[in-house]
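# A look at the structure
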Amino acid sequence: MTKLQIKNLYKNFESTKILEDINLKIEDGEFVVLVGPSGSGKSTILRIIAGLETPTSGEVIINNKVINDLKPKDRDIAMVFQNYALYPHMNIYDNLAFPLKMKHVEKTKIEKSVNDTSSMLGIQHYLKKKPKELSGGERQRVALGRAIIREPQLFLMDEPLSNLDAKLRTQMRAELLKLHKSLSSTVIYVTHDQIEALTMGNKIAILNHGKIQQLGTPDEIYNDPANTFVAGFIGNPGMNLFTLEIISNTKVLFQETPIELTNTSHFQELIKKNNLTNKKFILGIRPEHLLLNEEKDITLSANIDLIEMLGNEFLIYANVRNSGSNFSIKVTDKCNLKRNDKIKVTIDIKKAYFFDEKTQKRIYF
Ligand SMILES: Nc1ncnc2c1ncn2[C@@H]1O[C@H](COP(=O)(O)OP(=O)(O)O)[C@@H](O)[C@H]1O
Ligand SMILES: [Mg+2]
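Rules used in this analysis
Residues numbered from 1 in each chain as written. Chains lettered and ligands numbered in written order. Predicted model: local features only at pLDDT ≥ 70, side-chain atom pairs only at ≥ 80, totals over all residues. Heavy atoms only, no water. Pairing = 2+ DSSP bridges. Helix = DSSP H or I, 4+ residues; strand = E, 2+ residues; numbered from the N terminus. Axes fitted to C-alpha atoms, helices over the stretch in contact; angles between N-to-C directions. Contact = heavy atoms within 4.5 Å. Near = heavy atom within 4 Å. Polar contact = N/O pair within 3.5 Å; in protein donor to acceptor, adjacent residues only side chain to side chain. Areas by Shrake-Rupley, 256 points an atom, 1.4 Å probe, with all protein chains shown as cover. Nonpolar A, V, L, I, M, F, W, Y, C, P; charged D, E, K, R; others polar.

## With respect to the sheet that holds strand 6 (residues 77-80)
- Reading across the sheet, the six strands line up as 6-7-8-3-9-10 and stay open at both edges, with mixed pairing between neighbours. Looking at the sheet topology across the chains shown, the edges are occupied by strand 6 and strand 10 (211-216). On average, adjacent strands in this sheet sit at an angle of 15° to one another, irrespective of strand direction.
- Sheet topology places strand 9 (residues 203-208) next to strand 10; five bridges connect them, and they run antiparallel. Residue Ala205 lies in a different strand from strand 10, and its bridge partner there is Leu215.
- Across the face of the sheet, helix 1 (residues 42-50) comes into contact with strand 3 (31-35), strand 6, strand 7 (154-158), strand 8 (186-191) and strand 9 while running at roughly 150° to strand 7.

## With respect to the site of ligand 1
- Phe13, Ile18, Pro37, Ser38, Gly39, Ser40, Gly41, Lys42, Ser43 and Thr44 make up every residue found near ligand 1.
- The backbone of Gly41 places a nitrogen or oxygen atom 3.0 Å from an oxygen atom of ligand 1.
- One of the side-chain nitrogen or oxygen atoms of Lys42 is found 2.9 Å away from an oxygen atom of ligand 1.
- Here ligand 1, which alone exposes 560 Å², has 56% of that area covered by the protein.
- No other element matches the three residues that helix 1 contributes to the shell around ligand 1.
- In terms of residue class, the shell around ligand 1 is made up of three nonpolar, six polar and one charged.

Written as structure tokens, this is what we have:
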């Protein structure tokens, strides 16, 4: 049983704030994904949990015990990194057996553990080979095996799949989740890839500049983003964000360009009911919610910069005429448009999100 709690965690390197008031609660057996751009502090959080780095203040609590002063080797935590760090001169058997040998486990028990772990990961036929004779995916499996074999109470995984090619990464994601189910271990998985986060985590923590921006299920994070950062970071591509100033209930400044509202009783009601005249916001709309060939609420004139075919859908990159701001539209219908075409793009205000212009936090009407 492993519950992990991080309480009011701060980390400074000299005078630079790296982590600010991190709070996380991870229940026994949960698979939590920590996602954020490079430099946001993900690895530092893992290193503090593992005991490789000391916090400036705050507590790391495992099973209700503060473990701040516990040495890394006494924490019963296994960490898997992006560069698998196998011992090149040892064969796979010895690489897997190493952590158990260090713990002076008896030989027959080690043999059984190596056999069980290697067949669980499908690497039982490589035991006599050296790491350099294996492919990247196979090596990463050995690295995982070396973590699993110790039966630790907690796994920390720091971008463990980033060195693999796209196809293998998808396959390994599924395998990791299967493995997590069968071991019912507690896992914190770090990635900078929001797609990986959405597909793997049952709980996701989004980090930016050393602060947790939102903690939630993939559904909450995608459909109910707490601020502009989460809205823009999650999604492929992320949510389009525009400035919007309401001049009257028939006119707005959209990215500083005046636009007359079209056929828009719902929007007008919203403006009246909430007294929005003269107020400024950030308006967010997902690429898949923008409409072509419809006139409703806010209609923009735009130029197409680029069209990408994504198999079953098309991604159109365009810019708002007059303001030049870039945005993207996703369409599933057959797309007869081409570069430099002029288009009308419509925002259905019912599908739009509003954010505070200053705090960047979500506003609900
Ligand atoms: N030992 C250190 N000394 C000084 N700065 C560090 C150290 N380790 C990390 N940092 C800084 O802390 C920030 C967060 O780093 P890191 O946790 O590695 O981010 P991530 O894993 O999200 O890419 C970065 O700006 C990085 O340069
Ligand atoms: Mg990192």
